[in-house]
Amino acid sequence: MKKAKLALKTDAAHKTTIQIGSATVGGKDLFVVGGPCAVESREQMEAVASQIVTAPVQALRGGVYKPRTSPYDFQGLGLEGLEILAAVRDRYGLPVITEVMAISQIDDIVAHADVLQVGSRNMQNFDLLKALGEIDKPILLKRGLAATLEEFVMAAEYILSHGNPNVMLCERGIRSFDTYTRNVLDLGAVVALKQITHLPVLVDPSHAAGKNELVAGLARAAVAAGADGLLVECHPEPEKSVSDARQALSLNEMVDLVQSIRPIATAVNRCVPAGVATVPRLSLV
Ligand code: PEP
Ligand code: MN
């Protein structure tokens, strides 16, 4: 491992906690983020937020600048999507997380969102990382599709060394030979990163699995492995999702997932913040 002066632990007890809304990420409480791959409409985001706030989740996700494999696919709502995120955040009191793909998007995102996500494809976009070091909002840095842990930690080091101490790492699966799962969730990386860095480590089981029926099991495994939180894709009508439809959970499945990690969290001395006792079921028919 190259000498990361800021990202590595100085002693076993060294840990960074990050305040996001009313949540403290990296403390005893798990930080669960839910929401669609992409912001599609105000109605969609209202439906998501109103249901999953009861799960409870601690933050809402939704991409408005989307890194799509094909330039002909939906690229995101851009500024209109940011305005939807900000409106829904204000209405439900949920902090929002959205992806930044370019330096030119930073100001608009900072004005509307609470956390800026760096996607896998940009993990080593060093100019972007340096620019994110100069802002005062937390960064969720996703592991590159084929990045080593050294490369991942050094990418975080770019942000830290440019002045932003609030970086969360996110393992989202790495590419391998088997296409049954979209990626391979590297839980060894989660355990290792928790040992060597003081930064919170989140897990995104959705992009790792690529299939919605695998997501909850991977989420539970991630909590057991010591993850500080989860980033999970869900949608009011998963099959109609404009991107990543196959891996999206329904809103009821999202609520059930949060409930199902509770005993795992307790077993590893973590906590899922309490939700409302009765969860209203959303009916779309
Ligand atoms: C996403 O979170 O929707 C996303 C594009 O993730 P990743 O960068 O991990 O592929
Ligand atoms: Mn996605």
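Residues numbered from 1 in each chain as written. Chains lettered and ligands numbered in written order. Predicted model: local features only at pLDDT ≥ 70, side-chain atom pairs only at ≥ 80, totals over all residues. Heavy atoms only, no water.

> Mind showing me how you'd approach the pairing of strand β5 (residues 96–99) here?
Two faces belong to every sheet, and in a regular strand the side chains alternate between them. Of the two faces of β5, both are covered, the one formed by Val96 and Thr98 as well as the one formed by Ile97 and Glu99. As judged from the two bridges shared by strand β4 (residues 59–61) and β5, these two strands associate in the parallel manner. Following the sheet pairing, Leu60 is matched in β5 by Val96. Considered for its hand, the β-α-β crossover made up of β4, helix α2 (residues 79–92) and β5 is right-handed. In the sheet, β5 pairs with strand β6 (residues 115–118) via three bridges, with the strands oriented parallel. Note that in β6 the partner of Glu99 across the bridge is Gln117. You can see the chain leave β5, run along helix α3 (residues 106–112) and come back into β6, and the turn it takes is right-handed. (Buried < 20%, exposed > 50% of the residue type's maximum accessible area, 1.4 Å probe, protein only. Helix = DSSP H or I, 4+ residues; strand = E, 2+ residues; numbered from the N terminus. Pairing = 2+ DSSP bridges. Right-handed = clockwise from strand over helix to strand, strands pointing away.)

> Please explain the pattern of salt bridges as it appears in this structure.
Oppositely charged side chains can pair when the atoms bearing their charge come close. In this structure the tally under the stated criterion is 14 salt bridges. Between Arg61 and Glu233 there is a salt bridge, with the nearest N and O atoms lying 3.3 Å from each other. Here Arg61, found in strand β4, pairs with Glu233, found in strand β10 (residues 229–233); they are 172 residues apart in sequence, far enough to count as distant. As a salt-bridge pair, Asp90 and Arg89 come within 3.1 Å of each other at their nearest N and O atoms. (Salt bridge = Lys/Arg side-chain N within 4 Å of Asp/Glu carboxyl O.)

> So what exactly am I meant to see when it comes to the confidence of the model for the protein here?
For any part of a model where pLDDT is low, the fine detail of the predicted coordinates should not be relied upon. On average, residues of the protein carry a pLDDT of 95, and 96% of them reach 70 or more. Of the regions scoring below 50 in pLDDT, residues 277–281 engages in seven contacts with residues more than four places distant in sequence or in other chains. (pLDDT = per-residue confidence, 0-100. Contact = heavy atoms within 4.5 Å.)

> How should the coordination of the manganese ion (ligand 2) be read in this particular structure?
Around a metal, the idealised angle for a tetrahedral arrangement of four donor atoms is 109.5 degrees; for an octahedral arrangement of six donor atoms it is 90 or 180 degrees. The manganese ion (ligand 2) binds to the protein through Cys37 (SG), His207 (NE2), Glu233 (OE) and Asp244 (OD), with metal-donor distances spanning 2.0 to 2.4 Å. Taken in sequence order, the residues that donate to the manganese ion (ligand 2) follow the motif C-x169-H-x25-E-x10-D. Of this pair, Glu233 sits in strand β10 while Asp244 sits in the loop between β10 and α9 (251–267), and the two are 11 residues apart along the sequence. (Donors = N, O, S within 2.8 Å, 3.2 Å for Na, K, Ca; no water.)

> Would you explain the nonpolar core in this entry?
Soluble globular proteins: nonpolar side chains tend toward being buried together. By size, the foremost hydrophobic cluster in this structure holds 71 residues, and its most contacted members are Leu60, Leu132, Leu141, Leu169, Leu230 and Met254. With near-sequence residues (within four places) excluded, Leu141 lies in contact with Val118, Met123, Leu129, Phe152, Ala155, Ala156, Ile159, Val167, Met168, Leu169 and Cys170. One finds Ile20, Val25, Leu140 and Met168 within the second-largest nonpolar core, a separate group that totals 14 residues. (Core = buried A, V, L, I, M, F, W, Y, C linked by side-chain atoms within 4.5 Å.)

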